[in-house]
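For reference, the chains in residue letters:
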Amino acid sequence: MKNIEGKVVLITGASSGIGRETARALAGHGARVVLSARREDRLKALAAEIGENAAWLASDVCSLGDMRALVSLAKERFGRVDVLFANAGIMPGSSMSELKVSDWMAMIDVNVKGVLNAMAAVLPEFTAQKQGHIVVTSSMTGTRSVPGNAVYCGTKHFVRAMLDAFRMESIQEGTHIRTTIIYPGAIRTELLNTIAPSKTKAMVEEFYKNVGLEPEVIADAVLYAVSQPDNVDVSDLGVRPSMES
């Protein structure tokens, strides 16, 4: 696949699921990946598997300092940053009437502030070099509303609106920063582990078990977006099982 070899890609949420498979896929096409997650043991294992084209830092997207340290590591090891894949996210779904306020705030911290922290860390580099690519994992719930997941939907709608507005700002400012929003449907990852046990969770898990896709399909979507020529911006990619309405 063209236009991937040699690129330096930061990946948050890299210790499992979509982040892990995307790191493997990008490295398999010659990219150099800088891995971020909180689980140090998993990052070490993935970096060891990939080899010399991987660096890692146990870090939290909720910390701007951690994200800046990740950028510093990328520059120290590989000389620059070309792509940010802001992928970390959580989904402790519940109805608003349950008043699980701590869950609401956790989703805002990770799904909203986490994306903003990662962007704030890379934007000085992208602006100075007048190029870069920001890829963010949203969700199919970022394109519609789903009862029982109101706050999660809100965080994913935020990503969609914010990144589209930023794309237009980049055009106006001449910084040539491409943006891609990935909208996964039912993908078999550890995201469901963040939902508290309930009848709804059991139904969702059964659906994912029966029709859910493996995270490699999202890795392929990221590969497609990143591999495009510099004058092509793949802005939105929805990927879901053919049996998902």
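Computed from a predicted structure; not experimentally measured. (Residues numbered from 1 in each chain as written. Predicted model: local features only at pLDDT ≥ 70, side-chain atom pairs only at ≥ 80, totals over all residues. Heavy atoms only, no water.)

## What to know about the overall build of the chain
A tally of regular secondary structure across the chain gives 7 helices and 7 strands. For the chain, the C-alpha radius of gyration of 17 Å lies close to 18 Å, the compact-globule estimate for 245 residues. Taken over the C-alpha atoms alone, the chain extends approximately 50 × 40 × 35 Å along its principal axes. Looking at the chain as a whole, 49% of its 245 residues are labelled buried. Once local pairs closer than 6 in sequence are excluded, the contacts in the chain between residues at least 24 apart make up 67%. Carbon and sulfur atoms form 53% of the exposed surface of the chain, whose accessible area is close to 11,200 Å². The centroid of the 26 positive side-chain charges in the chain is displaced by 1 Å from the centroid of its 27 negative side-chain charges. (Helix = DSSP H or I, 4+ residues; strand = E, 2+ residues; numbered from the N terminus. Rg over C-alpha atoms; globule rule 2.2 N^0.38 Å. Buried < 20%, exposed > 50% of the residue type's maximum accessible area, 1.4 Å probe, protein only. Contact = heavy atoms within 4.5 Å. Areas by Shrake-Rupley, 256 points an atom, 1.4 Å probe, with all protein chains shown as cover. Lys, Arg positive; Asp, Glu negative; His and termini not counted. Charge placed at Lys NZ, Arg CZ, Asp CG, Glu CD.)

## Thoughts on the sheet that holds strand β4 (residues 83–86)
Reading across the sheet, the 7 strands line up as β3-β2-β1-β4-β5-β6-β7 and stay open at both edges, with parallel pairing between neighbours. Because the sheet does not close on itself, it has two edges, and the strands there are β3 (54–58) and β7 (236–239). On average, each strand axis in the sheet is tilted by 15° relative to the strand beside it, whichever way the strands run. Note that β4 and strand β5 (residues 132–137) share 4 bridges and pair parallel. Bridge pairing links Leu-84 to Ile-134 in β5. Lying on the sheet, helix α7 (residues 216–227) is in contact with β4, β5, β6 (177–184) and β7; it crosses β6 at an angle near 160°. (Pairing = 2+ DSSP bridges. Axes fitted to C-alpha atoms, helices over the stretch in contact; angles between N-to-C directions.)

## Comments concerning the pattern of salt bridges
Following the criterion strictly, the structure yields 9 salt bridges and no others. Among the ionic pairs, Arg-24 bridges to Glu-49, the shortest N-O distance being 2.9 Å. Here Arg-24, found in helix α1 (residues 17–28), pairs with Glu-49, found in helix α2 (residues 40–50); they are 25 residues apart in sequence, far enough to count as distant. A relative accessible area of 47% means that Glu-49 is categorised as partly exposed. Between Glu-98 and Lys-100 there is a salt bridge, with the nearest N and O atoms lying 3.6 Å from each other. Residue classification places Glu-98 among the partly exposed residues on the basis of a relative accessible area of 44%. Residue Lys-100 is classed as partly exposed on the basis of its relative accessible area of 27%. (Salt bridge = Lys/Arg side-chain N within 4 Å of Asp/Glu carboxyl O.)

## Here's the deal with the side chain of Thr-155
Relative to the elements of secondary structure, Thr-155 occurs in helix α5 (residues 150–173). Excluding anything up to four places from it in sequence, Thr-155 contacts Met-107, Ile-108, Asn-111 and Val-112.

## Thoughts on the environment of Ala-121
Looking at the element boundaries, Ala-121 is found in helix α4 (residues 101–129). Residue classification places Ala-121 among the buried positions, given a relative accessible area of 8%. A C-alpha to C-alpha distance of 10 Å links Ala-121 and Ser-63, two positions 58 residues apart in sequence. Excluding anything up to four places from it in sequence, Ala-121 contacts Leu-64, Met-67, Arg-68 and Val-71.

## Topic: the environment of Thr-143
You can see Thr-143 is positioned in the loop between β5 and α5. Separated by 95 residues in sequence, Thr-143 and Gly-238 have C-alpha atoms that sit 9.6 Å apart.

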